[in-house]
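These are the residues of each chain, in order.
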Amino acid sequence: MIVNSLQLFWPFSLFTIMIFIVGLYCTLVTYNFIRALIGLEILMKAVTLSIIAVGYITNHAALAQSLVITMIVVEVVVIAVAVGVVLGMYRHTHSLDVRKNRELKD
Amino acid sequence: MLAFILILISLTAVALWAAMTRSLLRSAICLAMMSSLLTMIMFMLRSPLAAVFELSVCAGLIPVLFISTISLTHPLTREEVLQHMKDRIRRFWYLPFIVVVVGVALNMISVVPRLALPLPEIEKDARTVLWNDRPIELLGQIMILLAGVFSVVILFKESGKDDR
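Residues numbered from 1 in each chain as written. Chains lettered and ligands numbered in written order. Predicted model: local features only at pLDDT ≥ 70, side-chain atom pairs only at ≥ 80, totals over all residues.

A. Representation of the nonpolar core in the model. Val22 and Ile52 of chain A together with Ala15 of chain B are the most contacted members of the largest nonpolar core, which totals 62 residues. Those residues in contact with Ile52 of chain A that sit more than four places away from it in its chain are Ala64 and Val68 of chain A together with Ile41, Met42, Leu45, Ser47 and Ala50 of chain B. (Core = buried A, V, L, I, M, F, W, Y, C linked by C-beta atoms within 7 Å. Buried ≥ 20, exposed ≤ 12 C-beta atoms within 10 Å, placed from the backbone. Contact = placed C-beta atoms within 7 Å.)

B. Expanded view of the interface of chain B and chain A. Listed as interface residues are 66 residues of chain B and, on the opposing side, 58 residues of chain A. Elements that contribute at least two residues to the side of chain B that touches chain A include exactly helix 1 (2-20), helix 2 (24-44), helix 3 (48-72), helix 4 (78-92), helix 5 (94-109), helix 6 (126-133) and helix 7 (135-163) of chain B. With 13 residues, helix 3 of chain B is the largest single contributor of residues to the side of chain B that touches chain A. (Helix = DSSP H or I, 4+ residues; strand = E, 2+ residues; numbered from the N terminus.)

C. How the structure looks around the packing of helix 2 (residues 33-57) of chain A against helix 2 of chain B. Closest axis-to-axis distance for the helix 2 of chain A/helix 2 of chain B pair is 11 Å, and the angle between their directions is 5°. One way to sum up the angle between helix 2 of chain A and helix 2 of chain B is to call them roughly parallel. Two secondary-structure elements touch here, helix 2 of chain A through Ile34, Arg35, Ile38, Glu41, Lys45, Thr48, Leu49 and Ile52 of chain A and helix 2 of chain B through Leu24, Ser27, Leu31, Met34, Leu38, Ile41 and Met42 of chain B. Its residues placed into classes, the contact of helix 2 of chain A with helix 2 of chain B shows 10 nonpolar, two polar and three charged. (Axes fitted to C-alpha atoms, helices over the stretch in contact; angles between N-to-C directions. Parallel < 35°, antiparallel > 145°, perpendicular 65-115°, else oblique. Nonpolar A, V, L, I, M, F, W, Y, C, P; charged D, E, K, R; others polar.)

D. Examining the environment of Leu145 of chain B more closely. Looking at the secondary structure, you find Leu145 of chain B in helix 7. With 15 C-beta atoms packed within 10 Å, Leu145 of chain B lands in the partly exposed category.

E. Examining the environment of Trp17 of chain B more closely. Residues and elements named next belong to chain B. Turning to its location among the elements, Trp17 is positioned in helix 1. Judged by the 16 C-beta atoms lying within 10 Å of it, Trp17 is partly exposed. On a C-alpha basis, the gap between Trp17 and Leu130 in space is 35 Å, while along the polypeptide they are 113 residues apart.

F. Structural detail: the environment of Ala59 of chain B. Residues and elements named next belong to chain B. Within the secondary structure, Ala59 sits in helix 3. Through-space distance from the C-alpha of Ala59 to that of Thr39 is 9.0 Å; in sequence the pair is 20 residues apart. With near-sequence residues (within four places) excluded, Ala59 lies in contact with Ala32, Ser35, Ser36, Thr39 and Glu54.

G. Inspection of unusual backbone geometry at higher detail. At Asn59 of chain A, a position not held by glycine, the phi torsion is positive, near 65°. Relative to the helices and strands, Asn59 of chain A resides in the loop between helix 2 and helix 3 (61-93). Here the phi dihedral of Arg46 of chain B falls at roughly 60°; this positive angle occurs in a residue that is not glycine. Among the secondary structure elements, Arg46 of chain B is positioned in the loop between helix 2 and helix 3.

Here's what the structure looks like:
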């Protein structure tokens with residue numbers, strides 16, 4: 001079983017890296033708050049995929065599942081709070097553009 | 001193995017679509033699709049409890065949060081869309097090339113792992129690990145949830161005050 005699991009290591013690592021790049025690029029390049037959060041979600045999906053694959057390969061699926069459940073809880077809370085902040089900023093500036101929300105910086 | 005590769009390719013394609021599509025609504029729907037594909041992988045990798053959480057929370061709740069936010073904000077006018085379109089294409093057209101080039105390059109390297117794997121543990125149930133072995137983690141989850149709830153309450157309380 002371990003030999004078969006090890007064969008899965010490289011394809012999963014490869015696609016995890018690719019999805020991570022998509023999320024990172026989306027978060028860094030966009031000027032829209034909601035799209036930046038979507039990029040963050042894509043990053044988290046890549047990490048979840050990685051944890052589950054490593055849990056299966058090392059035969060510690062139960063531990064990986066408990067870590068993923070914790071991560072999902074953190075993910076929901078982060079997104080809920082971030083969405084609240086974005087809506088609050090939108091009410092002030094009527095824009096989701098990062099470039100128009102720089103009052104704190106100036 | 002082929003099924004895994006097909007699902008992983010679909011997952012990457014949907015992630016690219018979510019990042020590159022102009023409509024935020026479509027991006028949110030793509031996120032739900034990503035979570036569904038991830039759920040399939042989790043079931044295949046014998047992690048059913050995490051898969052159920054992923055399907056109900058990440059494919060159900062989070063897209064709803066995003067769609068509610070998008071519906072609470074005004075969409076761009078046609079002129080604004082045309083104005084932003086060129087800028088978006090200029091910024092995002094590199095992304096598929098970067099992903100494909102990195103994928104091909106890493107595939108050519110094709111690292112064969114020589115990991116010193118730990119001995120297979122006695123197969124435990126995820127519930128046993130979560131409730132018996134890691135109770136502090138559950139306490140942390142409760143605290144994070146409470147912190148999130150209070151943060152959201154404070155955020156919307158302040159905005160309610162402004163409206164009055």
